[in-house]
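Topology and contacts: notes
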Amino acid sequence: MKPVWSSAVAVLLLAVPVQALTDKQVSEKLNNVPAFAIVNKEGKPLIVPVKEKDAKEEVGVIPVFTDGDLASKNYAEFQKNAPDASKLYQIIPIRLGEAFDAARTERQNKESKIRYYFQPDPEDQKKALALAKQTKSDIKEFPWIPVFFLGKGGQPVVFTKGSEQSLPFFFSEDDLQKQWQLLKKDKPDMAIKAEIQVASLYQILDFMLDAKNDKEAQAITFIPAEDALKYVDTIQKNLPSGFAKDGAPATTPVAPKPNEAPKP
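In short, a report on the structure. (Residues numbered from 1 in each chain as written. Predicted model: local features only at pLDDT ≥ 70, side-chain atom pairs only at ≥ 80, totals over all residues. Heavy atoms only, no water.)

1. Here we look at the overall build of the protein chain
Scanning the protein chain for helices and strands turns up ten helices and eleven strands. A total of 264 residues make up the protein chain; the buried ones form 50% of that total. By element, 51% of the accessible surface of the protein chain is carried by carbon and sulfur atoms, the whole surface being about 14,200 Å². (Helix = DSSP H or I, 4+ residues; strand = E, 2+ residues; numbered from the N terminus. Buried < 20%, exposed > 50% of the residue type's maximum accessible area, 1.4 Å probe, protein only. Areas by Shrake-Rupley, 256 points an atom, 1.4 Å probe, with all protein chains shown as cover.)

The structure is reproduced here in structure tokens:
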């Protein structure tokens, strides 16, 4: 697997002529990861008008958050700036893979003026940039959503259980730190050869769709942030009457439950 600063696909889940996994299989793996959207009772997402650089017309941006705190802060800002309108909306949990599917559909429709804007945890982005700078000092901004893994020189550690292999990629650097500490106790020989590294999720998706990587692509698992899973539970317990507790059709239905999250 190439280091994080190598070229990455520019379109979500872009199909290639021969694939290791199908778009659907990649989306299913990503559906273990919760994301958050701001929607009304009909399940229609909040759309923010934005004028893109060098564009003549505005587009409608649907914000999707992979971090619960960031979603909450943005919703609080929405409440402050539009107190009446904000009463019609709430934060709901959605599935990341299905959100990507929706984003890809809009991108493929040349007439569409809807864009999905995926926003990761700002702190993890800072940590990702610091890690990337260790091997590419001139990198200025981390490309999109970071995922963290144990590896060496850009090559991830392969976890083996019986005949099964697993390549876990974490959405939280803190969660991976905890797993690394456990590995140091359980398998010190393996842990001493590894260090925390980072890749852009774009790069991993690109890798998974390349037919040359079939075996590795099958082994990849995405580990959602523990804080995000806790936030899902908090939302579902406190949603007002009339809002779907399991998601909304107009964005993406059903958030993963905490016990559905894969473990390395």
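2. Here's the deal with the packing of helix H1 (residues 23-30) against helix H4 (residues 96-108)
A pair of packed helices can be characterised by two numbers: the angle between their axes and the separation between those axes. With their axes 6 Å apart at the nearest point, H1 and H4 run at an angle of 140° to one another. Put simply, H1 runs oblique to H4. Packed against H1, whose contacting residues are Asp23, Ser27 and Leu30, the element H4 presents Leu96, Gly97, Phe100, Asp101 and Arg104 at the interface. Looking at the contact of H1 with H4 residue by residue, the classes come out as three nonpolar, two polar and three charged. (Axes fitted to C-alpha atoms, helices over the stretch in contact; angles between N-to-C directions. Parallel < 35°, antiparallel > 145°, perpendicular 65-115°, else oblique. Contact = heavy atoms within 4.5 Å. Nonpolar A, V, L, I, M, F, W, Y, C, P; charged D, E, K, R; others polar.)

3. Some points on the pattern of salt bridges
Counted under the stated rule, the structure contains twelve salt bridges. Between Lys80 and Glu77 there is a salt bridge, and its shortest N-O distance comes to 3.6 Å. Of the two residues, Lys80 and Glu77 both sit in helix H2 (residues 68-81), three residues apart, roughly one turn of that helix. Note on Glu77: relative accessible area 39%, which makes it partly exposed. (Salt bridge = Lys/Arg side-chain N within 4 Å of Asp/Glu carboxyl O.)

4. Quick look at the packing of H1 against helix H8 (residues 201-208)
The contact between H1 and H8 brings their axes to 10 Å, and the two run at 140°. With respect to H8, the element H1 is oriented oblique. Classified by chirality, the crossing of H8 by H1 is right-handed. Residues Val26, Lys29 and Leu30 of H1 form the contact with H8, whose participating residues are Leu201, Leu205 and Met208. Of the residues belonging to the contact of H1 with H8, the class tally is five nonpolar, no polar and one charged. (Left-handed = near helix turned anticlockwise from the far one by under 90°.)

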